[in-house]
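Here's the letter readout for the chains.
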Amino acid sequence: MAAELHVALVAADREVWSGQATLVVARTTSGDIGVMPGHQPLLGVLESGPVTIRTNDGGTVIAAVHGGFLSFADDKLSLLAEIAELSDEIDVQRAERALERAKSADDASAERRAEVRLRAVTAR
């Protein structure tokens, strides 16, 4: 089994993060999945949720991801998201205000996005 995998997290507008990792955990339509080096090839649909990347140097990268796809083969994992942002890019107060606005407007989609952003921040 290989000791590392190359990860690329890409949003529609930019490359959010890329590097070497030992484990990536993401939410798919089939449930949460953990991908490690040597995993069987796979293709999945990403659900909105935090993505956790354990880097080779022992660090952790967490991103809020809102929809997209993931693909894994030959120890290369591509996460292609509609929207993605690293947890340290998220303004907590702004996300909390967005959550309150979504709740009062009864906008379930906006509420879910705000909740995912806040979960990504609290997971760091």
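Basis of the calculations
Residues numbered from 1 in each chain as written. Predicted model: local features only at pLDDT ≥ 70, side-chain atom pairs only at ≥ 80, totals over all residues. Heavy atoms only, no water. UniProt positions renumbered as here; feature names shortened; annotations may be inferred. Buried < 20%, exposed > 50% of the residue type's maximum accessible area, 1.4 Å probe, protein only. Helix = DSSP H or I, 4+ residues; strand = E, 2+ residues; numbered from the N terminus. Pairing = 2+ DSSP bridges. Axes fitted to C-alpha atoms, helices over the stretch in contact; angles between N-to-C directions. Parallel < 35°, antiparallel > 145°, perpendicular 65-115°, else oblique. Left-handed = near helix turned anticlockwise from the far one by under 90°. Contact = heavy atoms within 4.5 Å. Nonpolar A, V, L, I, M, F, W, Y, C, P; charged D, E, K, R; others polar.

Per an unreviewed UniProt entry, the protein goes by the name ATP synthase epsilon chain and belongs to Streptomyces zinciresistens K42. The UniProt entry for the protein carries the following text under Subcellular location (unreviewed entry): "Cell membrane". UniProt annotates the protein under Subunit (unreviewed entry) with the comment "F-type ATPases have 2 components, CF(1) - the catalytic core - and CF(0) - the membrane proton channel. CF(1) has five subunits: alpha(3), beta(3), gamma(1), delta(1), epsilon(1). CF(0) has three main subunits: a, b and c."

Once that is clear, we can look at the pairing of strand 1 (residues 5-11). Across the seven residues of strand 1, five count as buried, placing the element largely inside the fold. Bridge count for strand 1 against strand 2 (residues 14-28) is seven bridges, and the pairing is antiparallel. Bridge pairing links Leu 9 to Trp 17 in strand 2. With antiparallel pairing between neighbouring strands as the criterion, strand 1 and strand 2 make up a hairpin whose turn holds two residues. Summarising the sheet, strand 1 and strand 7 (residues 76-86) pair through six bridges and their orientation is parallel. What sits directly across from Leu 9, in strand 7, is Leu 79.

In this section: the packing of helix 1 (residues 92-104) against helix 2 (residues 108-122). At a closest axis distance of 8 Å, the pairing of helix 1 and helix 2 adopts a crossing angle of 150°. On the basis of their axis angle, the class for helix 1 and helix 2 is roughly antiparallel. By crossing handedness, the relation of helix 1 to helix 2 is classed as left-handed. Within the contact between the two elements, helix 1 uses Val 92, Ala 95, Glu 96, Ala 98, Leu 99, Ala 102 and Lys 103 and helix 2 uses Ala 110, Glu 111, Ala 114, Glu 115, Arg 117, Leu 118 and Val 121. Class assignment for the residues of the contact of helix 1 with helix 2 results in nine nonpolar, no polar and five charged.

Attention now goes to the UniProt feature "coiled-coil region" (unreviewed entry) in the protein. What UniProt calls "coiled-coil region" (unreviewed entry) maps, in this numbering, to residues 76-103. Helix makes up 43% of residues 76-103 and strand 39%. Its end C-alpha atoms lie 39 Å apart.

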